[in-house]
Amino acid sequence: MRYEDSPPPPESASSVSPDRPWYGRRSTLAVAVAVLAPAVLAGWVLTEALADSTADDSRPPRIVMPLAASKASGTPAAGSAPSPAAGTPAGPVASSSTGSSTSPSGSPAAAGPLAGRVVVVDPGHNTGNFKHTAEIDRQVDIGTNRKECDTTGTTTNAGYMEAAFSMDVSQRLRSLLEAQGLKVVLTHEAGPARPFGPCIDERARIGNEARADAVVSVHADGVSAGSRGFHVILPAKVKGGGADTAPIIEPSRRLGERIAGNFARTTGSAPANYLGGGTGLVTRDDLGGLNLSTRPKVFIECGNMRDAKDAAQLSSPEWRQKAAQGIADGIVGFLGG
Ligand code: ZN
């Protein structure tokens, strides 16, 4: 495998290791601050955050200042994650948790506000990307810049690929959302039809052309051991070329907050302790998949594949189901289901 062989760097936020080490590393990336609606993630500490990381449609930027470590002490521990009441009404969350693909066609969910709504789910990377480095290294236009078509993603130290993780969670997520009466489109399917990619611009285009009501790109991070937890990446306001995120900033933020709150609840995971200031939210301006989106869209980094404790969770089918449930509940809440 062409994945990182070297041991992770010392665990400090200033030495976070990206997940695609064979690519040139960009030195720094200034990041916008994720500004929270206090009511949504009440109790979570809001601080300035620098984005990292592997969300991947990009060369991984690096955290340039240790910021969250001390402040993350305010991070809710697993089990004391924010109540869904903070971000998502308990009713819809509870009902979606009990959703079933065998629900009668006349169920409230099928006939309710979710009927006919479209969700695009983007499984990050592709398990075949590492065999197609020339193709995925091709530069594509992301409006504000040019970036690689796609990247390989990271793996756990045991070799479980982020691309396999993201596809599995995405498939679970699709089942949960379809059980709620939603139409779900994946940007790519497992199997030979898609030996690599799609490119990041196509991933965005799929959501746009589907006129998706919500788009979620599923990932896991690949940073130093000891860095733990999840974070949701929100689009920054960018404009240039084919990119203009102004119309999606606000709905994407609401979508991301819903997902973060529900993900914490269903998985018991805490917001990332290495970026986002303990909020579980980060805003980035360098991701083509966000910059080119005209639909409300976020990325989620479900955990750190390079941390043994996080990796154990990410490698568990039961945990992945909880992860998919949290994302689904967040989407359903956002859509008013
Ligand atoms: Zn990724």
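As a reminder, the structure under discussion sits directly above these lines.
I will try to describe carefully the structure that is included in this document. Nothing here was measured: the structure is a model prediction, and the numbers come from that model.

Here we take up the overall build of the protein chain. Per the secondary structure count, the protein chain includes 11 helices and 10 strands. Among the 337 residues that make up the protein chain, the fraction classed as buried is 59%. Look at the contacts in the protein chain between residues 6 or more apart in sequence, and 82% of them connect residues 24 or more apart. For the protein chain, the exposed area adds up to about 12,100 Å²; of that, 54% sits on carbon and sulfur atoms.

With 19 residues, helix α11 (residues 317–335) should reach 27 Å at 1.5 Å per residue; the first-to-last C-alpha distance of 27 Å fits that figure. α11 sits mainly inside the fold: 15 of its 19 residues count as buried. Taken from the residues just after α11, G336 is the one with a positive phi, measuring 85 degrees.

What follows is about the pattern of salt bridges. When the charged atoms of two side chains lie near each other, side chains of opposite charge can form a pair. In the structure shown here, the tally under the stated rule is 15 salt bridges. Where D213 meets R117, a salt bridge forms, and the shortest distance between an N and an O atom there is 3.5 Å. With a gap of 96 residues between them, D213 in the loop between α7 (200–209) and β5 (214–221) and R117 in the loop between α4 (108–111) and β1 (118–123) connect regions that are remote in the sequence. Accessibility expressed as a relative area gives 25% for R117, which makes it partly exposed. Across the pair R174 and E189 runs a salt bridge whose closest N-O atoms are separated by 2.7 Å. On the criterion of sequence distance, the pair formed by R174 in helix α6 (residues 162–178) and E189 in the loop between β4 (183–186) and α7 is long-range, its members being 15 residues apart. In this structure R174 comes out as buried when scored by relative accessible area, which is 19%.

A word on the sheet that holds strand β10 (residues 297–304). Spatial strand order, β4-β1-β5-β10-β6-β9: 6 strands in an open sheet with mixed pairing. Edge strands, defined here as strands with exactly one partner in the open sheet, are β4 and β9 (281–284). On average, each strand axis in the sheet is inclined to that of its neighbour by 25 degrees, with strand direction left out of account. With 5 bridges connecting them, β1 and β5 associate as parallel partners. In the strand pairing of β5, P123 is matched with V218. Running at roughly 150 degrees to β5, α11 makes contact with β1, β5 and β10 of the sheet.

What follows concerns the state of the cysteines. If you walk through the whole model with that rule in mind, you get 1 disulfide. A sulfur-sulfur separation of 2.1 Å characterises the disulfide bridge that pairs C149 with C199. Between C149 and C199, the S-S torsion sits near -90 degrees, and that sign places the bridge as left-handed. You can see C149 sitting in the loop between β3 (146–148) and α6 and its partner C199 sitting in the loop between β4 and α7, a full 50 residues away along the chain.

Turning to the packing of helix α8 (residues 249–267) against α11, a few remarks are in order. Put simply, α8 and α11 touch, their axes get as near as 7 Å, and they point 145 degrees apart. Between α8 and α11 lies a crossing whose hand is right-handed. Where α8 abuts α11, its residues P251, R254, L255, R258, I259, N262, F263, R265, T266 and T267 lie against W319, K322, A323, Q325, G326, I327, D329, G330, I331, G333 and F334. A per-class count over the contact of α8 with α11 returns 9 nonpolar, 7 polar and 5 charged.

Our focus in this paragraph is the nonpolar core. Core analysis: the largest hydrophobic core is formed by 40 residues, its most contacted members being F165, L177, I259, I327 and I331. At the level of elements, β1, α6, β4, β5, β6 (231–235), α8, β10 and α11 are the ones that each hand at least two residues to this core. No other element matches α11, which puts 9 residues into this core. Beyond its immediate sequence surroundings of up to four residues, L177 is in contact with V119, V121, L182, V184, A328, I331 and V332. Counting 10 residues, the second-largest nonpolar core is a separate cluster that includes C149, C199, A204 and V238.

What counts, and at which threshold
Residues numbered from 1 in each chain as written. Predicted model: local features only at pLDDT ≥ 70, side-chain atom pairs only at ≥ 80, totals over all residues. Heavy atoms only, no water. Helix = DSSP H or I, 4+ residues; strand = E, 2+ residues; numbered from the N terminus. Buried < 20%, exposed > 50% of the residue type's maximum accessible area, 1.4 Å probe, protein only. Contact = heavy atoms within 4.5 Å. Areas by Shrake-Rupley, 256 points an atom, 1.4 Å probe, with all protein chains shown as cover. Expected span 1.5 Å × (residues − 1). Salt bridge = Lys/Arg side-chain N within 4 Å of Asp/Glu carboxyl O. Pairing = 2+ DSSP bridges. Axes fitted to C-alpha atoms, helices over the stretch in contact; angles between N-to-C directions. Disulfide = S-S within 2.5 Å. Left-handed = near helix turned anticlockwise from the far one by under 90°. Nonpolar A, V, L, I, M, F, W, Y, C, P; charged D, E, K, R; others polar. Core = buried A, V, L, I, M, F, W, Y, C linked by side-chain atoms within 4.5 Å.

So yeah, pure geometry; function would need other evidence.
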